[in-house]
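These are the residues of each chain, in order.
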Amino acid sequence: RIPLLIDTDPGVDDALALLMAFNDPRHDIVGLTIAAGNVGLSHTVRNALKLCEVCGRDDIPVFAGTPEPLLHPAPDAGYVHGQDGFGDIGYPPPQRQAEAEHAALAILRLSHEHAGKLLLVALGPLTNVALALKLDPTLPQRVARLVVMGGAVTGHGNITPSAEFNFYFDPEAAHLVFEAFERIDLADWEATLAHGLLHERVAGWLAADSDRARFYADISEKTRLWSIDRRGDHWYAADAVAMAFALEPAGAVELAERPVAIELQGRHSRGASVVDWRREGGRPDRANILLQYDQARFEGLIQAALAAK
Ligand code: BDR
Ligand code: CA
């Protein structure tokens, strides 16, 4: 089985991605490292612990990461995910606490323990991964595959006109990661937009007779209502797209390899992922950009994850 380490900021769509990973028999989840992003770190850690508990996965170690972006504080996305990141349902506190080890150190240790085999999936701002890289620049040599949710590859951002939330929250971290890893499997916001989920279909999956579906229906209600109001018939679960690509790469229908740079200075474009589509800059093709994924396979993974007991 493939050792899987997930860096995440749960977050409603992070939670769906985690359910998909929990349900995958081909991967062993060796840890969850927790980022700040959608909401503050104390909430994202608590949410990760609660989700593990609800799913009977208290065997998975949870490591708290860095509470702030590397350089500039950024606003969170509590207006989408609820102020606590899990729809403000007031769930009872989790029984367990996070491990004492810092997420960045856990990333490095696990990269040694699973050197050459590790699948690292980053579903939030890249602060923890960047910090791990700063501590030990040889990290990429031990990671077999890095999958990142972030960016907007033709500039249709979701937090500013040009930037996607994860990269906008910590552009310096995204920059460090894109400079250090020779290959990144990238599921961006525009791939998310190409793989919307019909709300009525989602409602059917959430009606499954399982604790996972019931809990997920509760924590996602606020964000689904927000989405209906803002975006219409479809719900866009960015981290679930990235997780499908991570767990079943064979489901990718169309990919493009290109150089990507992260804008750090732009007055209107900070955090933008600038893709050299025409390959004019002479930089290496580091990003393997997901353009299209098999929609039926994607939906099948979600449905099965929610129905699992
Ligand atoms: C990304 O930002 C967060 O709000 C989601 O969890 C996802 O990781 C989408 O831009
Ligand atoms: Ca996320």
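Residues numbered from 1 in each chain as written. Chains lettered and ligands numbered in written order. Predicted model: local features only at pLDDT ≥ 70, side-chain atom pairs only at ≥ 80, totals over all residues.

The protein chain carries the name Purine nucleosidase in an unreviewed UniProt entry, which gives Pseudoxanthomonas indica as its organism.

S.K.: I'd like to hear about the UniProt feature "domain: Inosine/uridine-preferring nucleoside hydrolase" (unreviewed entry) in the protein chain, residue by residue, with values.
M.R.: UniProt annotation of "domain: Inosine/uridine-preferring nucleoside hydrolase" (unreviewed entry) refers to residues 4-298 when read in the numbering used here. Along residues 4-298 one finds 39% helix and 19% strand; the C-alpha atoms at either end are 19 Å apart. (UniProt positions renumbered as here; feature names shortened; annotations may be inferred. Helix = DSSP H or I, 4+ residues; strand = E, 2+ residues; numbered from the N terminus.)

S.K.: Any details on the site of ligand 1? Residues and values, ideally.
M.R.: Near ligand 1 lie 15 residues; those nearest to it are G11, D13, A77, F165 and A238. Sorting the residues of the shell around ligand 1 by element identifies α1 (12-22), α7 (165-169) and α12 (238-247) as the ones contributing at least two each. Here the shell around ligand 1 is composed, by residue class, of six nonpolar, five polar and four charged. (Near = placed C-beta within 6 Å. Nonpolar A, V, L, I, M, F, W, Y, C, P; charged D, E, K, R; others polar.)

S.K.: An account of the sheet that holds strand β5 (residues 143-149) is requested, with residue identities and associated values reported.
M.R.: Read across the sheet, eight strands follow the order β3-β2-β1-β4-β5-β6-β12-β9 without closing on themselves; strand pairing throughout is mixed. Two strands in the sheet have a free side with no partner beyond their single neighbour: β3 (62-64) and β9 (252-258). Averaged over all pairs of adjacent strands, the angle between their axes in this sheet comes to 25°, without regard to strand direction. Alignment of β5 against strand β6 (residues 184-187), held across three bridges, turns out to be parallel. Counterpart to V148 in the pairing with β6 is L186. Sheet strands in contact with α1 are β1 (2-8) and β2 (27-34), and its direction is about 170° off that of β1. (Pairing = 2+ DSSP bridges. Axes fitted to C-alpha atoms, helices over the stretch in contact; angles between N-to-C directions. Contact = placed C-beta atoms within 7 Å.)

S.K.: Which residues make up the nonpolar core, and what values go with them?
M.R.: Grouped together as the largest cluster of nonpolar side chains are 104 residues, with contacts concentrated most on M20, V121, V241 and A242. Sorting elements by how many residues they give to this core places α12 first, with nine residues. In contact with M20, not counting residues within four places along its chain, are A240, M243, A244, L247, L301, I302 and A305. (Core = buried A, V, L, I, M, F, W, Y, C linked by C-beta atoms within 7 Å. Buried ≥ 20, exposed ≤ 12 C-beta atoms within 10 Å, placed from the backbone.)

S.K.: Would you mind going over unusual backbone geometry in detail, with residue names and values included?
M.R.: Here the amide bond leading from P10 into G11 is cis, since omega sits at -10°, within 30 degrees of zero. You can see G11 is positioned in the loop between β1 and α1. With a phi close to 55°, D88 is a non-glycine residue in the positive phi region. Inspection of the secondary structure assignment puts D88 in the loop between α3 (78-81) and α4 (103-113).

S.K.: A description of the packing of α1 against helix α11 (residues 211-231) should follow, citing residues and the corresponding values.
M.R.: The geometry of α1 relative to α11 is characterised by a closest axis approach of 9 Å and an angle of 160° between their N-to-C directions. Put simply, α1 runs roughly antiparallel to α11. By crossing handedness, the relation of α1 to α11 is classed as left-handed. Seen from α1, the contacting residues are V12, A15, L16 and L19; seen from α11, they are R212, Y216, I219, S220 and T223. A class-by-class count of the residues in the contact of α1 with α11 yields six nonpolar, two polar and one charged. (Parallel < 35°, antiparallel > 145°, perpendicular 65-115°, else oblique. Left-handed = near helix turned anticlockwise from the far one by under 90°.)

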